[in-house]
Number of protein chains: 2
Amino acid sequence: MSFNSFSRQHLDFVLYEVLGMEVILADAYFHGHHRETFDLTLDTATEIADTYLAPSYKLADRKEPELVEGQVKVHPAVHQYYQAYVQSGLLSATFPEMCGGQQLPKTIAAGVQYILAAANNSFVMFTDLVKGVANVILRFGNVEQKNTYLPKLLSGEWAATMCLTETQAGSSLSDITTCAIPVEDGIFRITGQKIFISAGDHDITENIVHLVLARIAGAPAGTKGISLFIVLKKQINNKEKWQDNDVASIGIIHKMGQKATPAMHLSFGGNNNCLGYLLGEANQGLQYMFQLMNAFRLEVGLMGVSVATHAYYTSLQYAIERTQGRRTNAKAANTLAVPIIQHPDVRRMLLSQKAFTEGTLAFILQCYQYMDMQKISKEAAQKKHYQDLLELLTPVAKTYGAESGNASIHNALQVLGGYGYTTDFPLEQMARDARIFSIYEGTTGIQSIALLGRQIAQNNGKSIDLWLEQVLPDIEKASELATLQTYANRLKREIENLQSVTSHLLNIRSEKGDEVFLADATLYMQLFGILNIAWQLLRMATIAEKALYNSSLAEDKKLFYRSKVSTMKFFFTYELTKCTGLCQQLMNEEQLTIYNEQEEMLI
Amino acid sequence: MSFNSFSRQHLDFVLYEVLGMEVILADAYFHGHHRETFDLTLDTATEIADTYLAPSYKLADRKEPELVEGQVKVHPAVHQYYQAYVQSGLLSATFPEMCGGQQLPKTIAAGVQYILAAANNSFVMFTDLVKGVANVILRFGNVEQKNTYLPKLLSGEWAATMCLTETQAGSSLSDITTCAIPVEDGIFRITGQKIFISAGDHDITENIVHLVLARIAGAPAGTKGISLFIVLKKQINNKEKWQDNDVASIGIIHKMGQKATPAMHLSFGGNNNCLGYLLGEANQGLQYMFQLMNAFRLEVGLMGVSVATHAYYTSLQYAIERTQGRRTNAKAANTLAVPIIQHPDVRRMLLSQKAFTEGTLAFILQCYQYMDMQKISKEAAQKKHYQDLLELLTPVAKTYGAESGNASIHNALQVLGGYGYTTDFPLEQMARDARIFSIYEGTTGIQSIALLGRQIAQNNGKSIDLWLEQVLPDIEKASELATLQTYANRLKREIENLQSVTSHLLNIRSEKGDEVFLADATLYMQLFGILNIAWQLLRMATIAEKALYNSSLAEDKKLFYRSKVSTMKFFFTYELTKCTGLCQQLMNEEQLTIYNEQEEMLI
């Protein structure tokens, strides 16, 4: 048996048997799309992954981008991927037909993204940014801006970046100081520096569209005074010639992984000669940027799953081929060594990866489906319903995908033992690459505060009710099957515990304020994350169990469905059991992590 | 406040207030040693760390060893460290006076090791191997071998390695095929290849003593037919000239971290011209090697703590200096940003590191003290008592230090956010370096089987009784203090749960055999690890609480002791609570990880 970097069978199961893509296809917006076109799209992604991404995954890690005379040069393989991606139509696929797109459902586009990022998470950053920035301009730009930039971006002619972070303003964007001084209507002179700008400079395209957060001179302090600007790397002057826009690459920030994507330190207006165009209204910049951030947060979670999926299949392949030791009940020295997949501890590490990758993929694709549902919703209330669900679940998808993705990859590395630690295998690179996922687009701590402090707290725990409307029917369906009843009950019980903890925390909030309330937000995030994956795995097990009623199924199909059930059981035993401890931690009232100026214990 | 890579105050607290080094100083073997000489020794270690280790930590990672014309060249800074270490007397310090050593207690030597490895875990590998190999020769070599090799090794003239792993034999040493054919009395012709040989070749010393596991032609299959050989890199021929011993460096195995230490692929006797000298008796090699392995297992656990300690203080320093955001209860846009150490989530990550490093350091130093106690024990029964304790706790020290050390370092990296991911800070390197600790000297899976399968099972759970004799008196002492009683009771309860789980598992063993019994050994290891650290932290909190009775203590001393109590509380809330889930997992009888040939679920 030979494994790829992902399994199309498992992906198709989620898309068609779990999410039932037909639900959205009925809508006119998605006319022309059906299973066959989706299949072709996913085939195209696989071909690009196999041809342009996988072969250069290691190579581009070993040969980092270079800054030569003010211009970053990236690995030649990035150029080839970029071109192939654009030519395949994938860059514009989810965009409206009026922009030259195909109105492809986001759920399918997420499947594409999964396939590509599994092969090379570093390269996809370049194209992701273009799509993300184009989306913001499509949504908030004026007609002229749309006409100017969308064709350039969606044709792949120009690339794009998002410029938020400054040296002193990372998690706290309210502290950015990059400044915009009005020159004429809608045009500003930008000065400031930005750091950690992914794909912030490169030689793939002739121009780059930077979306830059800056403060218009005299704007209110804090987040309410931040505006968003389109800043081009190069302008076209009156004689239709390119000229620099005073955007300078100060340096490439070298990092642990994702080395093929340059993280740039950029200077805007070092010679006071950098022009930017206001996007949307003044002082609304952060809100616009959050549209982009939200999309990226889901993508980062998905990247965690993608890399972990590739890691899983790499370690599975190894475990099947590598012989070492005997089964513990047959330890005669003269028996033959067995493939290590037969050892329970190795199986535990493999099953843990399988449960994470399959459960989290389903969870994140569910989020993308909510996006598609929102798109085709006709009524405002319905749109808001999906919007609320997305806002609740996006930080969870990002964080669970990132944190548990890291843990999953470390399990994969461990399966290979000493070989996993060597650069001969890709696991050590995956571990290095994936380490960024719990940091960028908002750290785990920030996401957790967003979840508990914004989503859960803002309507006094009602978001949980919204969520329960999604989850309880699936638990109900599971509990109707004799074989799954125990598991359905277990999940129900854990959800009741979540509700108790939530009420308890909301009481704490009114009694002791936000700081104490949010102190263990990250643990709340862990708890809620586990419950969401348990939900998805139980849901898949239910579908699989029902599919098994069909006794005429081929043997391999039967095995596939049975594996869905056993994967759920594994997660319920090895992960869902962690909820008890997490609830205990969250109920603890000692306030051990609250800062006390008079008594600093950290010494 | 400025932090070093470790805290002498915390180290001294363990050595003198917790372990009370006086206990062993009364014995004649340690004559001439006292607190002042220990202090000087630790000062020397600090000086070497500051002068030769810390400055080259990053540099040597960036410039890996090279294999040039069959000879490995390591970073020049390794040479300087090696010389300084030898000249300081630290290389031979723990050896008997008759070998030129100082009979330094192992506990103090472990303190030295902690200081050095915190600064540069890669460099200390070179000197560790020399000490380890010299110890094996001292213990099992004949008079001639001792006279020949010990002076060369302990003077630093020659270096050493341990050669166990072969391509097809990693965790399963019974499968090694390196072959030894008798030439004359005690001399054998060695042929075979070894991989992952740390410091397996270098240009620091004129010669290298390889300890090589091999099978004498005709020896029994499996572990009972393995012998240990001294194989020199170079021999001295009749004319007193160096000549090669047909040991060839086939290649350097490149890896994720610990890059300054070359992991070698070595060939022995490629031209059928490699001589080796039998060490001890034939077919007893694995047993001798395990003496060395045991010492290294403790050292690996200690390395985990060392690197994590340096990571902790790096992130603590950063958290004090880095301002970002406001406290959640004071979120006005115009207040000043606060140091991130004031944010509860950052404090949680810092306290988690503090609890891990302080608790695990105390635990591992306790193990070293058992070694010293064993050394000075007069009666066989007493010696065996300490031996049994060491055998029980060594795999735990190795694994907890490695696994939780990794987690701790990732917390440190996370505190720095995006900066932690860059190569400008040492955290990403520490994360890469430390990843090996749960792999080499026996993976976590192997250690866990050693704990549950050998230590716990072999005398039907009686090892736990031995352990309880150590732990219960400390719990008793804690429960006598009103402020600690709750915590003492909590630990007691968790230990009772451990006992129930252990009995349950031993029943499983007799009913269903070893494979099912050992399937979740790694979880048992996690559980037992947490309990050991909780024990140490409670013990330290008790001592601290008592010290606080002295009302004339200086304020900073009071704070220090109070921090010991709060660190224990933190661990009991955030880590000890994980035991419930672990027990649930261990009591589960679904056998989800047992291989079933007819129904492979891993697809």
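Residues numbered from 1 in each chain as written. Chains lettered and ligands numbered in written order. Predicted model: local features only at pLDDT ≥ 70, side-chain atom pairs only at ≥ 80, totals over all residues. Heavy atoms only, no water.

Operational definition: UniProt positions are given in the numbering used here, feature names are shortened, and annotations may be inferred rather than shown by experiment.
The name given to chain A in an unreviewed UniProt entry is Acyl-CoA dehydrogenase, with the source organism recorded as Rhodocytophaga rosea. According to the UniProt record, the Sequence similarities (unreviewed entry) comment for chain A reads "Belongs to the acyl-CoA dehydrogenase family." Its UniProt record gives chain A a comment under Cofactor (unreviewed entry), which states: "FAD".

1. Notes on the environment of Leu-481 of chain A
Residue and element names in this part refer to chain A. The test is simple: Helix numbers and strand numbers start at the N terminus; a helix is a DSSP run of H or I with at least 4 residues, a strand a run of E with at least 2. With a 1.4 Å probe rolled over the protein chains alone, any residue whose accessible area is under 20% of its type maximum counts as buried; one over 50% counts as exposed, and the rest are partly exposed.
Here Leu-481 is to be found in the loop between helix H15 (462–479) and helix H16 (485–512). Leu-481 sits in the buried class, given a relative accessible area of 6%. Sequence separation between Leu-481 and His-343 is 138 residues, and the spatial gap between their C-alpha atoms is 32 Å.

2. As for the side chain of Ser-438 of chain B
Here is the rule we go by: We call two N or O atoms a polar contact when they sit within 3.5 Å, provided that within protein one can donate a hydrogen and the other can accept it, with sequence-adjacent residues counted only if both atoms are side-chain atoms.
Tracing the backbone through its elements, the reader meets Ser-438 of chain B in the loop between helix H13 (427–434) and helix H14 (444–458). A polar atom in the side chain of Ser-438 of chain B sits 3.0 Å from the side chain of Arg-435 of chain B.

3. Concerning the pattern of salt bridges
Operational definition: Think of a salt bridge as a Lys or Arg side-chain nitrogen and an Asp or Glu carboxyl oxygen that are within 4 Å of each other.
Considering all chains together, one arrives at 59 salt bridges over all chains under this definition. A salt bridge links Arg-326 of chain B to Asp-175 of chain A; its shortest N-O distance comes to 2.8 Å. Residue Arg-326 of chain B is found in the loop between helix H9 (285–321) and helix H10 (344–376), and its partner Asp-175 of chain A is found in the loop between strand E3 (158–163) and strand E4 (179–184); the two belong to separate chains. Looking at Arg-326 of chain B, the relative accessible area reads 10%, which means it is buried. Accessibility expressed as a relative area gives 16% for Asp-175 of chain A, which makes it buried. Counted as one network, the salt bridges with shared partners bring together Arg-8, Asp-12, Arg-35, Asp-39 and Asp-43 of chain A.

4. Some points on the environment of Phe-229 of chain A
Residue and element names in this part refer to chain A. Definition in use: Contact definition: two residues touch when any of their heavy atoms are within 4.5 Å.
Topologically, Phe-229 is positioned in strand E7 (residues 226–232). Distance in space between the C-alpha atoms of Phe-229 and Val-212 is 5.1 Å, their sequence separation being 17 residues. When residues no more than four places from it in sequence are discounted, the contact partners of Phe-229 are Ala-180, Phe-188, Ile-190, His-210, Leu-211, Val-212, Ala-214, Ile-216, Gly-276, Tyr-277, Leu-278 and Leu-279.

5. Things to note about the packing of aromatic side chains
Where we set the bar: Aromatic rings from Phe, Tyr and Trp, with only the six-membered ring used for Trp, were paired whenever their centres fell within 6.5 Å, and each pair was classed as stacked if the ring planes differed by under 30 degrees, edge-to-face if by over 60, and tilted otherwise. We call a charge positioned over a ring when the NZ of a Lys or the CZ of an Arg lies within 6 Å of the ring centre and within 35 degrees of the ring normal.
Within this structure, the stated rule accounts for 50 aromatic pairs over all chains. Taking the centre distance of 5.1 Å and the plane angle of 80° together, the rings of Tyr-29 of chain B and Phe-30 of chain B count as edge-to-face. Given a relative accessible area of 2%, Phe-30 of chain B falls into the buried group. The rings of Phe-196 of chain A together with Tyr-318, Tyr-419 and Phe-425 of chain B are connected pair by pair, giving a single aromatic cluster. Just above the ring of Tyr-16 of chain A sits the side chain of Arg-35 of chain A; from NZ or CZ to the centre is 3.7 Å.

6. A short note on the nonpolar core
The condition that has to hold: Nonpolar cores are built from buried Ala, Val, Leu, Ile, Met, Phe, Trp, Tyr and Cys residues. Side-chain atoms within 4.5 Å join them into one set.
Judged by nonpolar contacts, the single largest core of 438 residues is most densely connected at Trp-467 of chain A together with Trp-467 of chain B. The contacts of Trp-467 of chain B, once residues within four sequence positions are left out, are Leu-389, Leu-392, Leu-393, Ile-495, Leu-498, Phe-528, Leu-531, Asn-532 and Trp-535 of chain B.

7. Focus on the interface of chain B and chain A
Rule in force here: Buried area is understood as the total, over both parts, of accessible area removed when two parts are fitted together, assessed with a 1.4 Å probe. Only Asp, Glu, Lys and Arg are considered charged, only Ala, Val, Leu, Ile, Met, Phe, Trp, Tyr, Cys and Pro nonpolar, and every remaining residue, Gly among them, polar.
The interface is formed by 99 residues belonging to chain B together with 100 residues belonging to chain A. Between chain B and chain A the total buried area reaches about 8,800 Å² when both faces are included, carbon and sulfur atoms providing 56% of it. The interface formed by chain B and chain A includes eight salt bridges. Close ionic contact of Glu-599 of chain B with Arg-562 of chain A constitutes a salt bridge, the shortest N to O distance being 2.3 Å. Linking chain B with chain A are 58 residue pairs in polar contact (both at pLDDT 80 or more). By residue number, the principal contributor to the side of chain B that touches chain A is helix H19 (residues 555–574) of chain B, which donates nine residues. Residues that form the side of chain B that touches chain A fall into these classes: 36 nonpolar, 38 polar and 25 charged.

8. Re empty space enclosed by the protein
A probe matching the size of a water molecule, rolled over the atoms, marks out where space remains unfilled. Where we set the bar: Definitions used throughout: a 1 Å grid over protein atoms alone; a cavity as a set of points that fits a 1.4 Å probe which cannot get out; a pocket as an open set with protein on both sides within 12 Å along at least five of seven lines; a lining residue as one with an atom within 4 Å of a point. Grid points are joined across faces, edges and corners, and a volume is the space filled by probe spheres set on the points.
As enumerated under the stated definition, the model contains 10 cavities of 30 Å³ or more in all. If you add up the space inside the second largest cavity, you get close to 210 Å³. Lining the second largest cavity are 19 residues, with Val-516, Ala-519, Asp-520, Asn-588 and Gln-591 of chain B sitting closest to its centre. Among the secondary structure elements, those contributing two or more residues to the lining of the second largest cavity are helix H19 (555–574) of chain A together with helix H16 (485–512), helix H17 (514–518) and helix H20 (578–587) of chain B.

9. Some words on H16 of chain A
Residues and elements named next belong to chain A. Short version of the rule: A helix is expected to span 1.5 Å for every residue after the first.
The end-to-end C-alpha distance of H16 is 40 Å, a good match for the 40 Å that 28 residues give at a rise of 1.5 Å each. For H16, the full list of buried residues reads Tyr-487, Ala-488, Leu-491, Glu-494, Ile-495, Leu-498, Val-501, Thr-502, His-504, Leu-505, Leu-506 and Ile-508. Among the residues trailing H16, Gly-513 stands out with phi positive, at a value near 90°.

10. Regarding the relation of the copies chain B and chain A
Stated formally: Least squares is used to superpose the copies, and the fit set is the C-alpha atoms of residues whose pLDDT is at least 70 in both copies.
With an RMSD of 0.0 Å, the operation that places chain B on chain A is a rotation of 180° combined with a shift of 0.0 Å along the axis. Look at the turn and shift together and you get a two-fold axis relating the two. Minimal C-alpha separation from the rotation axis in chain B is found for Gly-581 of chain B, amounting to 3.1 Å. With an isologous cut-off of 70% or more, the 100% of interface residues of chain B that recur at the interface of chain A puts this contact in the isologous class.

11. As for the UniProt feature "domain: Acyl-CoA dehydrogenase/oxidase N-terminal" (unreviewed entry) in chain A
The positions that UniProt labels "domain: Acyl-CoA dehydrogenase/oxidase N-terminal" (unreviewed entry) are, in the present scheme, residues 42–157 of chain A. For residues 42–157 of chain A, helix accounts for 63% and strand for 5%, while the C-alpha atoms at its two ends are 24 Å apart.

12. Quick word on the pairing of strand E11 (residues 263–268) of chain A
Residues and elements named next belong to chain A. Cut-off, in case you're wondering: Strand pairing is assigned whenever DSSP detects at least two bridges linking the two strands.
Within E11, six of the six residues are buried, which leaves the element mostly enclosed by the surrounding structure. Burial along E11 is two-sided: Ala-263, His-265 and Ser-267 facing one way and Met-264, Leu-266 and Phe-268 facing the other are all buried. Judged from the five bridges that link them, strand E5 (residues 187–198) and E11 form a sheet pairing that is antiparallel. Bridge pairing links Gly-192 to Phe-268 in E11. Inspection of the sheet shows strand E10 (residues 247–253) paired to E11 by six bridges, in the antiparallel sense.

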